[in-house]
Amino acid sequence: MDQELIDIEEGLEELFCDPDPDKARAFFKTKERGLVNKVTTVKDAVRELVRDSDYLAVGGFGHVRIPTAVLYEIIRQKKRDLGMAGHTSIYDSDILASAGCLNRCDISYVVGYEIRGLSASARRAFESNKIKKTDWSNSALAWRFYAGAAGLSFVPSRNMLGTDTFKRSAAKTIRCPFTGKKFAALPALYPDVGIIHVHRADIYGNCQIDGILISDPYLARASKRVIISAEKLIPNEEIRKNPQMTTIPYWCVDAVIEEPFGSHPGNMPGEYWFDEDFFRMYLETVKTEEGTQKFLDDYIYNVENFEGYLEKIGGLRKMTELRNLENLIFQKRAQQMKSRIKVKKQSA
Amino acid sequence: MSKSNNNNDYNPLELLICVGSRVLEDNSTVEVGTGVPMASTLLAQRLYAPNIIAIFEAGGVAPLMPGLPISVGDSRTSYRAIMASTMNDVMETCQRGMVDYTFLGGAQIDMYGNLNSTMIGAIYQNPKVRFPGSGGANDLGSLCWKTIVITPMDRRRFVKKLDFVTTPGYLTGKGARERAGLPEGSGPYKVITNLCILGYDEETCRMKVESLHPGVELEQVQENCEFELLVANDLKTTPPPTEEELRVLREEVDPDGYIIGRVK
């Protein structure tokens, strides 16, 4: 790396979303303020709220608390030319890219499955120039959501500086008017559609999430339209009993879908663990292009809805097994059984 | 080398994880990356640093991990934690100067400790191999005080020139981080490999061999590295993994062999 790179003041790649806060305000001015029932089906929500060429932001952490049912429906309805914030994305960006839905992506993490390695299918998609790429880092995208949520056009930060991550972004540098110090200026991100899976929501879209929140409170506020899928619906009265638990308020939300086990094959904190058998099968199957097509046919195109998919992956029995793993119950029982066997042997 | 019950026998990843577990201080804050760092941190929490404050980028703060997380965002990263927070909060805590160490996993590395986890090839839009990208690595390498990298050592990984600088080390040498606008006094600290422990020369900011693992010769280290390594005047020998380290690692930290079973 040479000196020039350090002095670069502007990233070279495309900025996919307009950061103008007045345009965003003009849109947010039109959003529904009333407490209206927003419960709908995943089919209707995707048909009405996701349009070809929209820019999507998906909540959760790529394989943790992901809105799988909504993602599958986007693929089933063959939405095209979508943009996406590849923010800590894993299975979500992989299947959308593999199904040919994406043509541009702000990347902080794609292709990888953390300690499981890389997805061959995501690699084929992201290595081709069919998907236009702009790179960022995780906190760069988190702070871009924050800038959107705060109604700003950018936020200063001290990451990305001096690297090719900056060079291949659409950030700029800025000098602080108070200290004279150099900062990265991260443009606000106002996605067209935010899609988030939560633990509980009421019919108006007030949401409660257990465990870590990742960037979702910001993502929900920055997005123009928001689709919520929830493990379960709860009465508004339950929301009002614990208002400190509401991390996404109803006025951000346009559609609410009840979708039990809706994060499969992802982990849902407190509810169910990763389906590791499924991930192994997926990563093996999609090693070839034909395999990817077969996966999409078997698990998405030829399946009517998410209930049908859950039956296919093992139904309630499988989900119970994953719930026990999440609650560390199998491990404890296995240990107890081992010690019981030992005791028996000794007594015998 | 295979996994074995003989305690003089350990595979390169087990060695890496055990050595990694010893560099973390108790009562310090450490932002943990995915993979090997998670195993080292969990081992450290069990053996050497029970009060270590492990922080995960997706929002998990100081969990008492029941086992090895698969993801830096899964439920184990907030199991019996002191806080389940947001990525924004965690990264702002790093930017505020509250996080002592970050512990990052395998990637391409150059002599100044810069890391590539984005791509191989010459054309950005059409790379030969696309890797995940920064994830949180750029943020953590920019914002935490000291960066520890833990990775197996070979000439594919320790290279003269990176195809892409994802995460800043010392960039082009002394003062380059500050000139780029990165926080003063932050930067690379150690690199832990299966062959040796490396640090950085204060004047040149170049990588320097500090300690050789048992049975490893200096020539072997240089052969596995494309760039020229500096050598510390007081070159040490790393103590081998102890029986206790290997037992806790194999039985409690990674009983399913998610990481230690990955040896080629």
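Above this text you will find the structure in question.
Source: prediction; values computed, not measured. (Residues numbered from 1 in each chain as written. Chains lettered and ligands numbered in written order. Predicted model: local features only at pLDDT ≥ 70, side-chain atom pairs only at ≥ 80, totals over all residues. Heavy atoms only, no water.)

S.K.: Where do I start with the packing of aromatic side chains in this structure?
M.R.: Each pair of aromatic rings is reported with the distance of its centres and the angle of its planes. Taken as a whole and assessed by the stated rule, the structure comprises 27 aromatic pairs over all chains. Plain terms: the ring middles of F28 of chain A and Y190 of chain A are 6.4 Å apart, the flat faces sit at 55 degrees to each other, and that makes the pair tilted. Residue F28 of chain A is found in helix α2 (residues 21-29), and its partner Y190 of chain A is found in the loop between β7 (182-187) and β8 (193-201); the two are separated by 162 residues along the sequence. Exposure remark for Y190 of chain A: the relative accessible area of 4% places this residue in the buried category. Among the aromatic residues, those joined into a cluster by ring pairs are Y72, Y91, Y113, W273, F274, F278, F279, Y282, F295, Y299, F306 and Y309 of chain A. Over the aromatic face of W136 of chain A sits the side chain of R144 of chain A, whose NZ or CZ is 4.2 Å from the ring centroid. In this structure, R76 of chain B packs its charged tip against the face of W273 of chain A, placed 4.3 Å from the ring centre. (Phe/Tyr/Trp six-rings, centres within 6.5 Å; stacked < 30°, edge-to-face > 60°. Helix = DSSP H or I, 4+ residues; strand = E, 2+ residues; numbered from the N terminus. Buried < 20%, exposed > 50% of the residue type's maximum accessible area, 1.4 Å probe, protein only. Lys NZ or Arg CZ within 6 Å of the ring centre and 35° of its normal.)

S.K.: What is the right way to read the sheet that holds strand β5 (residues 154-157) of chain A from this model?
M.R.: Adjacent strands of a sheet pair through backbone hydrogen bonds, lying either parallel or antiparallel. Residue and element names in this part refer to chain A. Taking strand neighbours across the sheet as the criterion, the three strands line up as β5-β7-β6 in an open arrangement whose pairing is antiparallel. Two strands close off the open sheet at either side, each with one partner strand: β5 and β6 (172-175). Strand-to-strand twist in this sheet, taken as the mean axis angle between neighbours without regard to direction, amounts to 40 degrees. (Pairing = 2+ DSSP bridges. Axes fitted to C-alpha atoms, helices over the stretch in contact; angles between N-to-C directions.)

S.K.: I would appreciate a short explanation of helix α1 (residues 12-22) of chain B in the present structure.
M.R.: One turn of the α-helix equals 3.6 residues, which is why residues spaced by three or four share an orientation. All names here are of chain B. Counting buried positions along α1 yields nine of eleven residues, so the element is predominantly enclosed. Among the residues making up α1, those that are buried are L13, E14, L15, L16, I17, C18, V19, G20 and S21. Elements that come into contact with the buried residues of α1 comprise α2 (36-47), β5 (101-104), β10 (146-150), β11 (187-192), β12 (196-200) and α7 (243-253). Sitting at the head of α1, N11 places a side-chain oxygen 2.9 Å from the backbone nitrogen of L13. (Contact = heavy atoms within 4.5 Å. Polar contact = N/O pair within 3.5 Å; in protein donor to acceptor, adjacent residues only side chain to side chain.)

S.K.: Is there a simple way to think about unusual backbone geometry in this case?
M.R.: Backbone geometry follows two general trends: most residues other than glycine have a negative phi, and most peptide bonds adopt the trans configuration. The omega torsion of the bond from H264 of chain A to P265 of chain A falls at 5 degrees, within 30 degrees of zero and hence cis. As for its position among the elements, P265 of chain A is in the loop between β12 (255-258) and α11 (276-285). The phi angle at L171 of chain B is positive, at roughly 55 degrees, despite the residue not being glycine. Turning to its location among the elements, L171 of chain B is positioned in the loop between β10 and α5 (176-180). On the basis of relative accessibility, which here comes to 2%, the residue L171 of chain B falls in the buried class.

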